[in-house]
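Structural overview for review
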Amino acid sequence: MSHPLLDLAPLSADRFASIEARVARLLDTAQDVVITQGEALLPLEGAIRGTAGPGTVALNVITGPYGQTFGDWLRDCGATVHDLAVPFHTAVTADRIAEALAEHPETDFVSLVHAEAATGNTNPVAEIGEVVKAHGALFYLDAVASVGAEPVLPDAWGVDLCVIGAQKAMGGPAGVSAVSVSERAWARMAANPRAPRRSYLSLLDWKERWIDGGRKALLHAPAQLEMLALEACVERIEAEGLETVMARHASAAAATRAGVLALGGGLEPYVHRAREAAPVATTLRTPAGVDAAELVARALRADPALPLAAGGGALAREMIRVNHYGPLATREAVRGSLAALGAALAEQGRPADPDAASRAVEETWPA
Ligand SMILES: *Cc1c(COP(=O)(O)O)cnc(C)c1O
């Protein structure tokens, strides 16, 4: 019996290369784009292990849980790591980065997360890129949560390693990801005796055996379903228009923010300044005495399809994530999320005003 997900024709090297080219166009980059056959943690780790070693001095910016992970990998590679952590309700500034680089002038690697879906903040990468470029350090960026929701421009911003995943604002699959690699970053890897080689974590393998060979022969059987899903999701973005997709995310974030302020009940935006709030997802702070995980569970009982989650780890007590991304960057998802949270708050003796929230959504994001 044939099945739509099975019995597919093999994915050719040409098709694979054309999907890479489309992803490169999405990032407006002339750098090499490597599609990696796994969730975004694969290129995030591969890029660090490829470029960092005992001689590396890294400035690791922590604006959420992923920054923590990158610092651990860098230390594991033997790098000297200077962490720059900012409270999760804010973003880092280019000035803070400049100060840190002045304090540690030997820094030759900067790692940064663009937007954090887990904390709801976004960092000014264009400005930070100027500072990093002036210093001359290699610039590593996690753009998994920003791509599709706001501009991600590795060439214009001087990003040497820009990692993306399709599962957030791109509305695509989670099992495949990509990284754009500058000439400088390739040179750093080639000179790094510790860079993974003949390994699933190796980006160099892809350069030497795929890119340098003219993209004729794949290293192993491609993750076919994931590649087709990636192609479909890029096609869908191209059809809607990247600008329109990004505008939809910005509107969803602005409407959620305005809506929650009108809702009341003690709920407020987690990220204080609107310009530091990520378009991909909006985080909310629950009032003292209201457990975020419990409030989310109540709201989801009303509608399990709503894009609501509690924060991870210790944040589960105080943070709600409204994951209004991909196909859920809609008025309906925003309005529904706020209405369900309002009802859940009322059940817990915290009167809220879902009608006012709905009006605020309508005013902020007129149909
Ligand atoms: C979502 C996300 C990733 C990918 O991680 P998952 O655990 O698969 O969701 C990586 N980096 C950032 C900043 C993200 O928001």
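This is a predicted model, so every value here is computed, not measured.

Conventions we followed
- Residues numbered from 1 in each chain as written.
- Predicted model: local features only at pLDDT ≥ 70, side-chain atom pairs only at ≥ 80, totals over all residues.
- Heavy atoms only, no water.
- Helix = DSSP H or I, 4+ residues; strand = E, 2+ residues; numbered from the N terminus.
- Rg over C-alpha atoms; globule rule 2.2 N^0.38 Å.
- Buried < 20%, exposed > 50% of the residue type's maximum accessible area, 1.4 Å probe, protein only.
- Contact = heavy atoms within 4.5 Å.
- Areas by Shrake-Rupley, 256 points an atom, 1.4 Å probe, with all protein chains shown as cover.
- Lys, Arg positive; Asp, Glu negative; His and termini not counted.
- Charge placed at Lys NZ, Arg CZ, Asp CG, Glu CD.
- Pairing = 2+ DSSP bridges.
- 1 Å grid on protein atoms, 1.4 Å probe; cavity = no way out; pocket = protein on both sides within 12 Å on 5 of 7 lines; lining within 4 Å.
- Points joined across faces, edges and corners; volume = space filled by probe spheres on them.
- UniProt positions renumbered as here; feature names shortened; annotations may be inferred.
- Axes fitted to C-alpha atoms, helices over the stretch in contact; angles between N-to-C directions.
- Expected span 1.5 Å × (residues − 1).
- Salt bridge = Lys/Arg side-chain N within 4 Å of Asp/Glu carboxyl O.
- Near = heavy atom within 4 Å.
- Polar contact = N/O pair within 3.5 Å; in protein donor to acceptor, adjacent residues only side chain to side chain.
- Nonpolar A, V, L, I, M, F, W, Y, C, P; charged D, E, K, R; others polar.

**Focus: the overall build of the protein**
Along its length, the protein carries 13 helices and 11 strands. Relative to its length of 367 residues, the protein is compact, with a C-alpha radius of gyration of 21 Å against a globular reference of 21 Å. Across its three principal axes, the protein shows a C-alpha extent of roughly 65 × 65 × 30 Å. Taken across its 367 residues, the protein has 55% of its residues classed as buried. For the protein, the share of sequence-separated contacts (at least 6 apart) that also reach a separation of at least 24 residues comes to 70%. Counting every atom, the protein has about 14700 Å² of accessible surface; 55% of that belongs to carbon and sulfur. Seen as two clouds, the 31 positive and the 44 negative side-chain charges of the protein have centres 2 Å apart.

**A word on the pairing of strand S3 (residues 80-85)**
As a general feature of sheets, a regular strand has side chains that alternate between the two faces. The pairing of strand S2 (residues 57-62) with S3 spans six bridges and is parallel. Bridging across to S3, Val57 finds its partner in Thr80.

**Considerations on empty space enclosed by the protein**
Here the structure, examined in full by the defined rule, presents two cavities of 30 Å³ or more. Taken as a whole, the largest cavity encloses approximately 70 Å³ of empty space. If you go around the largest cavity, the residues you meet are Thr36, Gln37, Leu42, Pro43, Gly46, Tyr200, Leu201, Ser202, Leu203, Trp206 and His220. Within the residue set of the lining of the largest cavity, elements represented by two or more residues are helix H2 (41-51) and helix H8 (203-211). Broken down by element, the residue count for the lining of the largest cavity peaks at three residues, all from H2. Considering only enclosed or pocket space, the second largest cavity measures out at about 40 Å³ in volume. Around the second largest cavity, the lining residues are Val23, Ile164, Gly165, Ala166, Met170, Val176, Ser177, Ala178 and Leu230. Counting residues per element, the ones that place at least two in the lining of the second largest cavity are strand S6 (161-165) and strand S7 (177-181).

**Considerations on the UniProt feature "modified residue: N6-(pyridoxal phosphate)lysine" (unreviewed entry) in the protein**
UniProt records the feature "modified residue: N6-(pyridoxal phosphate)lysine" (unreviewed entry) at Lys168, using the numbering of this structure. Here Lys168 is to be found in the loop between S6 and S7. Apart from the residues within four sequence positions on either side, Lys168 is in contact with Ala117, Val144, Ala145, Val280, Tyr325 and Gly326.

**Re the environment of Leu315**
Tracing the backbone shows Leu315 in the loop between strand S10 (308-310) and strand S11 (319-322). For Leu315, a relative accessible area of 15% corresponds to the buried category. Counting along the chain gives 167 residues from Leu315 to Gly148, while the straight-line C-alpha distance between them is 26 Å. Dropping the residues within four chain positions of it, Leu315 is found in contact with Phe88, Ala118, Thr119 and Tyr270.

**Re the sheet that holds strand S4 (residues 109-113)**
Consider a sheet: its strands pair through backbone hydrogen bonds, and that pairing is either parallel or antiparallel. As summarised here, the arrangement of the seven strands in space is S1-S7-S6-S5-S4-S2-S3, forming an open sheet in which the pairing is mixed. Looking at strand neighbours, the two that pair on one side only are strand S1 (32-36) and S3, the edges of this open sheet. When the angles between neighbouring strand axes are averaged without regard to direction, this sheet yields 15°. Sheet strands touched by helix H5 (residues 125-135): S4 and strand S5 (138-142). Its angle to S5, the strand with the most contacts, is close to 160°.

**Some words on helix H10 (residues 242-263)**
Between its first and last C-alpha, H10 extends 31 Å over 22 residues, near the 32 Å set by a 1.5 Å rise per residue. Along H10, the positions that sit buried rather than exposed are Val245, Met246, Arg248, His249, Ala252, Ala253, Ala255, Thr256, Arg257, Gly259, Val260 and Leu263. The secondary structure elements touched by the buried residues of H10 are helix H9 (224-240), strand S8 (268-269), strand S9 (282-285), S11, helix H12 (331-347) and helix H13 (354-364). Phi turns positive one or two residues past the end of H10, at Gly264, with a value near 75°.

**Examining the pattern of salt bridges**
Working definition: two side chains of opposite charge can pair if their charged atoms are close together. On inspection of all chains with the given rule, the structure shows 18 salt bridges. With its nearest N and O atoms 3.3 Å apart, the salt bridge here joins Arg335 to Glu362. With a gap of 27 residues between them, Arg335 in helix H12 and Glu362 in helix H13 connect regions that are remote in the sequence. When salt bridges that share partners are traced, they join Arg22, Glu235 and Glu238 into one network.

**Structural notes on the site of the ligand**
The immediate surroundings of the ligand are formed by Glu39, Leu41, Tyr66, Val113, Ala115, Ala117, Asp142, Val144, Ala145, Gln167 and Lys168. Contacts to the ligand include Asp142, whose side-chain N or O atom sits 2.6 Å from a nitrogen atom. At a separation of 3.3 Å, an oxygen atom of the ligand approaches a polar side-chain atom of Gln167. Expressed as a share of its isolated accessible area of 370 Å², the protein-covered part of the ligand is 80%. Of the residues contributing to the shell around the ligand, the split by class is seven nonpolar, one polar and three charged.

**Section: the environment of Ser111**
Inspection of the secondary structure assignment puts Ser111 in strand S4. The spatial distance from the C-alpha of Ser111 to the C-alpha of Asp142 is 8.1 Å, given a sequence separation of 31 residues. Beyond its immediate stretch of four places on either side in the chain, Ser111 contacts Leu59, Asn60, Val61, Leu74 and Tyr140.

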